[in-house]
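What the coordinates show
Each chain is listed here by its residues.
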Amino acid sequence: MIGRSLPAVTFKTRIRDDSIEGPNPYRWDHKTTDDYFKGKRVLLFALPGAFTPTCSTYQLPDFERMSDQFKEMGIDEIYCLSVNDAFVMNAWGKQQGLEKVKLIPDGSGEFSRKLGMLVCKDNLGFGMRSWRYAAIVEDGVIKQWLEEPGFKDNCELDPYGESSPQNVLNRLVASLTERRDAA
C-alpha cells in the first residue's frame, strides 16, 4: 500500500447549516478524496463500525484523546472512516463528544472497496465493512500503512493493536528517529 494514491471517490456527508430551521438543521454536502487529503499530512484510520465495542471504547476515544500528540508529530488532520452512512457517523460523533477527530462516512463502502479493504462481516450481522487499519497519508499518497492481521471475509476475530493510536504514534516516533539518524 505504501506509495499508493488513495482512491478518488465522493463521500456523501451531512453538515450543520444554521440557515435551516427546525429540528434537523443539516444539509447534504459532497466531499471528495481531494477535499480531505490534498495538501495535508493526515492520519486516517478505519474501523468496522460506529457504536461497536472496540471502536467506541478504545480506538476512536484514544485517537481523540491523543490527537495533540499526533499534531506535534506533524499531522494536520485525523480522520476516522467507517462503512456507515452520514447519519450514523454524525450520531456517533455526537455521542463520543468528538472535537478533534473528524469522521468520514463511507456509506456504500466505495472507498474501502477501491482501497481493497472491504470485507464481508455477515457472521456478525454487519454486512460489508472496512477492515481495521491506519495510515499516514501525505497529499493523498500512503506513506505508512498499519493493517490488522487476519484480513478475510467473515473473520472470527476482531484483531486490534496494529491500528491502535498508541502503535501509530510509536511508529511515527520511530520513523522520525530513523530520518534523523540517516541525516
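Residues numbered from 1 in each chain as written. Predicted model: local features only at pLDDT ≥ 70, side-chain atom pairs only at ≥ 80, totals over all residues. Heavy atoms only, no water.

Section: unusual backbone geometry
One non-glycine residue, Phe51, lies in the positive phi region at around 70 degrees. With respect to the helices, strands and loops of the structure, Phe51 is situated in the loop between strand 3 (41-47) and helix 2 (53-65). Taking relative accessible area as the criterion, Phe51 reaches 44% and is therefore assigned partly exposed. Positive phi is not limited to glycine here, since Asp139 has a value of about 50 degrees. (Helix = DSSP H or I, 4+ residues; strand = E, 2+ residues; numbered from the N terminus. Buried < 20%, exposed > 50% of the residue type's maximum accessible area, 1.4 Å probe, protein only.)

Some details on the side chain of Asp62
As for its placement among the helices and strands, Asp62 is situated in helix 2. Apart from residues lying up to four places away in sequence, Asp62 is in contact with Pro165 and Gln166. (Contact = heavy atoms within 4.5 Å.)

Section: the packing of helix 2 against helix 6 (residues 165-182)
For the pair helix 2 and helix 6, interaxial distance at closest approach is 9 Å and the crossing angle is 45 degrees. In this view, helix 2 runs oblique relative to helix 6, as classed from their interaxial angle. Contacts between helix 2 and helix 6 involve Gln59, Asp62, Phe63 and Arg65 from the former and Pro165, Gln166 and Val168 from the latter. (Axes fitted to C-alpha atoms, helices over the stretch in contact; angles between N-to-C directions. Parallel < 35°, antiparallel > 145°, perpendicular 65-115°, else oblique.)

Observations regarding the environment of Tyr79
By the element assignment, Tyr79 lies in strand 4 (residues 77-82). Take Tyr79: its relative accessible area is 2%, and that puts it in the buried class. Remark: the alpha-carbon pair of Tyr79 and Val101, spanning 22 residues in sequence, is separated by 5.8 Å. Those residues in contact with Tyr79 that lie beyond four places of it in its chain are Tyr36, Phe37, Lys40, Val42, Leu43, Leu44, Phe45, Lys102 and Ile104. Within the structure, the side chain of Tyr79 is placed 2.9 Å from the backbone oxygen of Tyr36, a separation counted as a polar contact. Side chain to side chain, Tyr79 and Lys40 meet in a polar contact 3.3 Å long. (Polar contact = N/O pair within 3.5 Å; in protein donor to acceptor, adjacent residues only side chain to side chain.)

Describing the pairing of strand 4
In terms of residue burial, strand 4 counts as a mostly covered element, since six of its six residues are buried. Of the two faces of strand 4, both are covered, the one formed by Glu77, Tyr79 and Leu81 as well as the one formed by Ile78, Cys80 and Ser82. Of the pairings in the sheet, the one linking strand 3 to strand 4 comprises six bridges and is parallel in character. In the sheet register, Leu43 faces strand 4, and the bridge partner there is Ile78. (Pairing = 2+ DSSP bridges.)

A few points about helix 4 (residues 86-96)
Here helix 4 has its buried residues at Ala86, Met89, Trp92, Gly93 and Gln96. Down the axis of helix 4, the buried side of the element spans an arc of 130 degrees, and every buried residue falls inside it. N-capping of helix 4 is provided by Asp85, with a side-chain oxygen placed 2.9 Å from the backbone N of Phe87. Phi turns positive one or two residues past the end of helix 4, at Gly97, with a value near 65 degrees. (Arc of directions from axis to C-beta.)

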